[in-house]
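One letter stands for each residue in the lines below.
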Amino acid sequence: MRKKAAIAVTILTFAVMAVSCGTSTEVKRTTTGDAKTESPDQKSQDKQPLVIADSGYTILPADSIGQVYATYAVALQNPNTKSVPSFWELTTTVKAPDGSVLGTEDQYIPSIAPGTTIYMSGDTVDCKGHTDAMMEFAVSGSEYDSVLASHKVSDKDFAADNVNFIDDEISPGVTGEITNNSDKDATNVVVYIVFKKGGKPVGGGMTYIQNLPKGGKAPFEYSMFSSVPEHDEIAVSAYSADW
């Protein structure tokens, strides 16, 4: 039986350009300060790599047919003051306790505005049956654009509200609504859901909304096909995948 569970909800909103294992384990976090670049000799300092500001994952219990998946969430920060890393990738790697690689996957990172932090998340990482697997995260890329480029990030283009957790034994999930506050029609909107425990990410996932005109509002539904990580907060953010 489906029922709505009372839970703290954090709404994160931002708009960016195109995109792209059963016990909770370690949370990896790193931080960096903003780079300040004024003189020609210091220009290269404003082309710093993206920073993994926070991350976490949960290895979910084996499902009914013995498959084991991981859910994760990663906070990515652009530490630059003028430059926007473009076409960078987030690599997630699953390892067995002995360090052997069980699997890896890459996804494109949205163009993140200077000084801005966004979350990316997923829930389909196959742990090859290992409930004691570990996850590692890394970013890579070499291209940068000016913050004045046409795909400049805005944190006001999309808003999420009416967010609810659906506590269902078979297919738990999150529902809500996304409003397009920008002056552009959006063909594809990516919605990221992040589960947190004690303020730290422990997992998440994503879903899509198609054809959301400027000024329009549309519902979203995110469902997991197994259990969700233990959490006390849900953060929802959205961006356009075609600007």
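Everything numeric here is computed off the predicted structure, so don't read it as measured data.

Colleague: Where do I start with the pairing of strand β14 (residues 200-212) in this structure?
Modeller: Regular strands have side chains that alternate between both faces of the sheet. By the bridge criterion, 11 bridges tie strand β13 (residues 186-197) to β14 in an arrangement that is antiparallel. What sits directly across from Val194, in β14, is Gly204. If you look at the hairpin formed by β13 and β14, you'll find two residues sitting between the two strands, and Gly198 has a positive phi there, around 65 degrees.

Colleague: What should I look at first to understand the pairing of strand β12 (residues 173-180) in this one?
Modeller: Judged by how many residues are buried, β12 sits mostly within the fold: six of eight residues are covered. Pairing between strand β11 (residues 158-167) and β12: seven bridges, direction antiparallel. Opposite Phe165, over in β12, you have Val174 as the bridge partner. Taken together, β11 and the strand that follows it, β12, pair antiparallel across an intervening segment of five residues. With seven bridges joining them, β12 and strand β15 (residues 217-223) adopt antiparallel strand pairing. Paired with Gly176 across the bridge in β15 is Phe220.

Colleague: Honestly, the pattern of salt bridges in this entry has me stumped. Any pointers?
Modeller: Two side chains with opposite charge may pair up if their charged atoms get near one another. Under the definition given, this model contains four salt bridges. Between Lys217 and Asp161 there is a salt bridge, and its shortest N-O distance comes to 3.6 Å. Of this pair, Lys217 sits in strand β15 while Asp161 is found in strand β11, placing the two residues 56 residues apart along the sequence. Taking the relative accessible area as the measure of exposure, Asp161 reaches 29% and is therefore partly exposed. Glu230 is paired through a salt bridge with Lys197; the nearest N and O atoms lie 3.3 Å apart. Within this pair, whereas Glu230 is found in the loop between β15 and β16 (233-240), its partner Lys197 is found in strand β13, the two being separated by 33 residues in sequence.

Colleague: Quick question: what am I supposed to make of the layout of surface pockets here?
Modeller: Once rolled over the atoms, a probe with the size of a water molecule shows which space is left empty. Estimates place the volume of the largest pocket at around 230 Å³. If you go around the largest pocket, the residues you meet are Leu60, Asp63, Ser64, Tyr69, Asp123, Thr124, Met206, Tyr222, Ser223, Met224, Phe225 and Ser226. Secondary structure elements with two or more residues in the lining of the largest pocket: β8 (117-126) and β15. Grouping the constituent residues of the lining of the largest pocket by class yields six nonpolar, four polar and two charged.

Colleague: In this structure, what is going on with the sheet that holds strand β3 (residues 51-59)? I would like to understand it.
Modeller: Each strand in a sheet pairs with another by means of backbone hydrogen bonds, the pair being arranged parallel or else antiparallel. Spatial ordering of the open sheet is given by β3-β4-β8, a layout of three strands whose pairing is antiparallel. Unpaired on one side and paired on the other, β3 and β8 mark the two borders of the sheet. On average, adjacent strands in this sheet sit at an angle of 15 degrees to one another, irrespective of strand direction. Of the strand pairs in this sheet, β3 and strand β4 (residues 69-77) are connected by eight bridges, and their pairing is antiparallel. For Thr58, the partnering residue across the bridge sits in β4 and is Thr71.

Colleague: Can you walk me through the packing of aromatic side chains in this structure?
Modeller: Enumeration over the complete set of coordinates arrives at four aromatic pairs. Judged by centre distance (5.7 Å) and plane angle (70 degrees), the rings of Trp88 and Tyr144 are edge-to-face. Separated by 56 residues along the polypeptide, Trp88 in the loop between β5 (83-86) and β6 (89-95) and Tyr144 in strand β10 (residues 143-146) bring together distant segments of the chain. Exposure remark for Trp88: the relative accessible area of 4% places this residue in the buried category. With 6.0 Å between their ring centres and 35 degrees between their planes, Tyr192 and Tyr239 make a pair best called tilted. Pair noted here: Tyr192 is in strand β13 and Tyr239 is in strand β16, with a separation of 47 residues, a long-range link. Each member of the pair, Tyr192 as well as Tyr239, is classed as buried. By the ring-pair criterion, three or more aromatic residues cluster together here, those being Tyr57, Tyr72 and Phe137.

The rules we used
- Residues numbered from 1 in each chain as written.
- Predicted model: local features only at pLDDT ≥ 70, side-chain atom pairs only at ≥ 80, totals over all residues.
- Heavy atoms only, no water.
- Pairing = 2+ DSSP bridges.
- Helix = DSSP H or I, 4+ residues; strand = E, 2+ residues; numbered from the N terminus.
- Buried < 20%, exposed > 50% of the residue type's maximum accessible area, 1.4 Å probe, protein only.
- Salt bridge = Lys/Arg side-chain N within 4 Å of Asp/Glu carboxyl O.
- 1 Å grid on protein atoms, 1.4 Å probe; cavity = no way out; pocket = protein on both sides within 12 Å on 5 of 7 lines; lining within 4 Å.
- Points joined across faces, edges and corners; volume = space filled by probe spheres on them.
- Nonpolar A, V, L, I, M, F, W, Y, C, P; charged D, E, K, R; others polar.
- Axes fitted to C-alpha atoms, helices over the stretch in contact; angles between N-to-C directions.
- Phe/Tyr/Trp six-rings, centres within 6.5 Å; stacked < 30°, edge-to-face > 60°.

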